[in-house]
Amino acid sequence: MTASGHLGEPVLEIRDLCVDYGVGKKAVRAITDATLTLHRGEVLGLAGESGSGKSTLAYALTRLLRAPGVITGGQVLFHSRPQGSDTTRTVDLLAAGVEELRVVRWSELSVVFQSAMHALNPVARIDAQLTDMLKVHRRKMTAEQRKERAIELLRMVGITSDRLLSYPHELSGGMRQRVMIAMALALEPQVVLMDEPTTALDVVTQREILEELMQLRQRLGFAVIFITHDLSLLIELADSIAIMYAGRIVERGGAQELFHSPRHPYTLGLINSFPALHGEKVRMEGIPGSPPALTSLPGGCAFHPRCTFALDRCSEEIPVLQRPVADSDGTERTAACWLQTDGQTVPQQLALPASAKLPAPRGEAAGAELPEPDGSIK
Amino acid sequence: MRTIFRRLGFYVLAAYAAVTLNFFLVRMLPGDALQNVLSKLRSAAITPEELKALAAQYGLDSHQSLASQYFSYLGNLLHGDLGTSTSKGVPVTAVLGTDLPWTIGLVGSATVIAFVFGTLIGIVVGWRRSGFFDALLPVATFFQAVPYFILAFLLLLTLGFYGKVFPYAQGYDTGNPDLVPGWNGTFITSVVEHGALPAATVALASIAGWIIGMRNVMLTTMDEDYVLVAAAKGLPQWKVAGVAARNAILPSISNFALSISLVVAGSIATEIVFSYPGLGYEIYQAILTGDYPLMQGILLVVIFTVLGANLLADMAYVALDPRARKES
């Protein structure tokens, strides 16, 4: 139900992406073998605790990592299909030359940063910041056209054109974030990366901006990678969700499936750590312990010291992402957990049938409606 | 605009305070300007009438009350009358008029050169983080660490006395009778040649400060999100560096204005070493001869350049940083 009609072909494929901080012996692995696919018009949520590597992943795929971040392996395939064109051109962003990368940046893949307070240049007026990329990427535009576009962009996010000559410090936090969003959409990119775009705002403004954002997405049809630590937000917002822990993607699935039938103990812990608005009062259960330091990851599954279901195997071997035993057919979901392999007794909480009680979210996650055969719950 | 006016009011007040201090400071010094004059005229016998006339000429009539001396000093000041130099016997304004252009020309241009090149190098060093220009830093710091006058002597001996690349004394070739001071080619060439070594001293001694200052701010600015945004926008490298530099240069601008204020007084050692006919050399002479009116005059010039430069710094800052425009 996006502008392009349905979740179409992939627009961004991340394959086995690895990122280190530092080089040589002191290097710390921040991302290990991240593989993700973003489809056209999809909202992909990336969730995890602080330090789980979600922002690092986002910056790595645009090659905006700050030193000492180093991409040590993998591919980021961007299947670019400019509006009105039928041909798709594939670029490996990690292998692209500086100039090639520069052209893709913003025009096809833009970024909304966490804190608009710091993301806007304090000494430049709003109009200059809304038009500088037009100058570079749309060379044929005249100054007049650029100004018109800037006004149009501001109107799109609900800001009047008299703000064009303001400086960032003259705007409120919410307005700044709106300007940032307008900036990100200026060149009608196919993918917008949002790194906790509303974390710095109060909840009311947060909701307003998110609603506007989703309307704009429906209208313009761009795909979104939405990074947040707020899983409850993602369940409303995203079509599919990837959960990260200690630099690895540990579970991936449709938003509703993931919420109603988590397959990884960490996901279960995250879901249990925020309260439901309805229903009886339940004692909140957080996840015991704290996330591990990347410098001293436990052996095996990095989550096993905090996991209530941990097996002997978990401290020895690192689980790979695979289809959970409970979801035998159709779905695209994967989890990296030894509990979900054949022959294991899956705890009941991690083997709930994937059927959603609610209608499937916007991005019809294929096959989610089918109840799982009971046999998978032993 | 209101900000500027408020600053202006403050500067007028500061100027008045400084001028007043200037008056009392000289009078609090031990010794008597008149005595200094007399010691120069030792051979001549002086009658009390002549003494009185001299005292009147130099505005040092000790029979007047301090208050009336003060007010006549202020009144004279407003008319641009700074008294008469006791060591030279000419009006102080005339002395300042001949000295000031030399100092401003020499130290001013050296400061501007050091600022412009230092800042540019600082931007590049900060942007590249490492590379060729980084090797320049220790060299520049070495020149900064060497005291002014030793650096001046080093240059004088190597490039002047032994190397004979540049002349090393006076403001221009005083020994050449064909040289007519004025706006003509030969004179200007001579001035530039004579200015080269002292200017190099001033520039070399200060450039490291500009490089390091700019580089450090540049390094922290490059970690700002808006620089990352500029890169994410797909702007060309130099534009991204421009965004960072534009923000990083703000502290350097105010430092520049402050260093301008040191132009007048900051070159004493250099001017003495190179016998340069500027204000620094003059204040040295004035102190040696106990020429209080001249000292006062030079101090006034220093005061007004400091205040003027500060005002300029304020205005430049307001012009460059929109956040400074809005004041509560």
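Keep in mind that this is a model prediction, so the values were computed, not measured.

The rules behind each value
Residues numbered from 1 in each chain as written. Chains lettered and ligands numbered in written order. Predicted model: local features only at pLDDT ≥ 70, side-chain atom pairs only at ≥ 80, totals over all residues. Helix = DSSP H or I, 4+ residues; strand = E, 2+ residues; numbered from the N terminus. Buried ≥ 20, exposed ≤ 12 C-beta atoms within 10 Å, placed from the backbone. Contact = placed C-beta atoms within 7 Å. Domains from an automatic or database assignment. Nonpolar A, V, L, I, M, F, W, Y, C, P; charged D, E, K, R; others polar. pLDDT = per-residue confidence, 0-100. Expected span 1.5 Å × (residues − 1). Bend = angle between axes of the 7 residues up to and from the residue. Pairing = 2+ DSSP bridges. Right-handed = clockwise from strand over helix to strand, strands pointing away.

Colleague: How do you make sense of the overall build of chain B when you look at a structure like this?
Modeller: When its secondary structure is counted, chain B shows 15 helices and zero strands. Scored against the burial criterion, the 328 residues of chain B give a buried share of 36%. Long-range contacts, defined as pairs at least 24 residues apart, comprise 74% of the intrachain contacts of chain B with a sequence gap of at least 6.

Colleague: Teacher, can you tell me more about the domain arrangement of chain B here?
Modeller: Accessible area lost upon the coming together of the parts serves often as the stated size of an interface. Residue and element names in this part refer to chain B. Examined at the domain level, chain B breaks down into domain 1 (2–78) and domain 2 (93–323). Each partner contributes to the interface: domain 1 provides 14 residues, whereas domain 2 provides 15 residues. Broken down by secondary-structure element, the contributors of at least two residues to the side of domain 1 that touches domain 2 are α1 (2–28) and α2 (33–40). Per-element accounting of the side of domain 1 that touches domain 2 gives the leading share, ten residues, to α1. Of the residues in the side of domain 1 that touches domain 2, the class split is nine nonpolar, four polar and one charged.

Colleague: Hey, could you run me through the confidence of the model for chain B in this one?
Modeller: Regions with low pLDDT should not have their predicted coordinates read in detail. Predicted confidence across chain B gives a mean pLDDT of 81, with 88% of residues reaching 70 or more. Taken over the whole predicted complex, pTM reads 0.78, whereas the ipTM for its chain interfaces reads 0.81.

Colleague: It is not clear to me how helix α5 (residues 92–128) of chain B should be interpreted in this structure. Could you clarify?
Modeller: Because an α-helix packs 3.6 residues into every turn, residues spaced three or four apart end up facing the same way. Residue and element names in this part refer to chain B. Over its 37 residues, α5 runs 51 Å from end to end, which matches the ideal 54 Å to within 8%, given 1.5 Å per residue. Bending of α5 peaks at approximately 30° at the position of Asp99, with proline Pro101 no more than four residues after it. Arg129 sits one or two positions beyond α5 and adopts a positive phi of about 70°.

Colleague: Where do I start with the pairing of strand β4 (residues 69–80) of chain A in this structure?
Modeller: In summary, the side chains of a regular strand alternate between the two faces of the sheet. All names here are of chain A. Both strand β1 (residues 10–21) and β4 contribute to a ladder of eight bridges, which runs antiparallel. Note that in β4 the partner of Arg15 across the bridge is Gln75. Where β4 and strand β5 (residues 89–92) come together, four bridges link them in antiparallel fashion. Bridging from a neighbouring strand, Ser80 pairs with Arg89 of β5.

Colleague: Quick question: what am I supposed to make of the pairing of strand β8 (residues 223–228) of chain A here?
Modeller: All names here are of chain A. In terms of burial, β8 is largely enclosed, as six of its six residues are buried. In β8, alternate side chains face the same way, and those of Ala223, Ile225 and Ile227 on one face and Val224, Phe226 and Thr228 on the other are all buried. Bridge count between strand β3 (residues 43–47) and β8: five bridges; the pairing is parallel. Paired with Ala47 across the bridge in β8 is Thr228. Once the chain exits strand β7 (residues 191–195) it traverses helix α7 (residues 203–220) before rejoining the sheet at β8, and the crossover so formed is right-handed.

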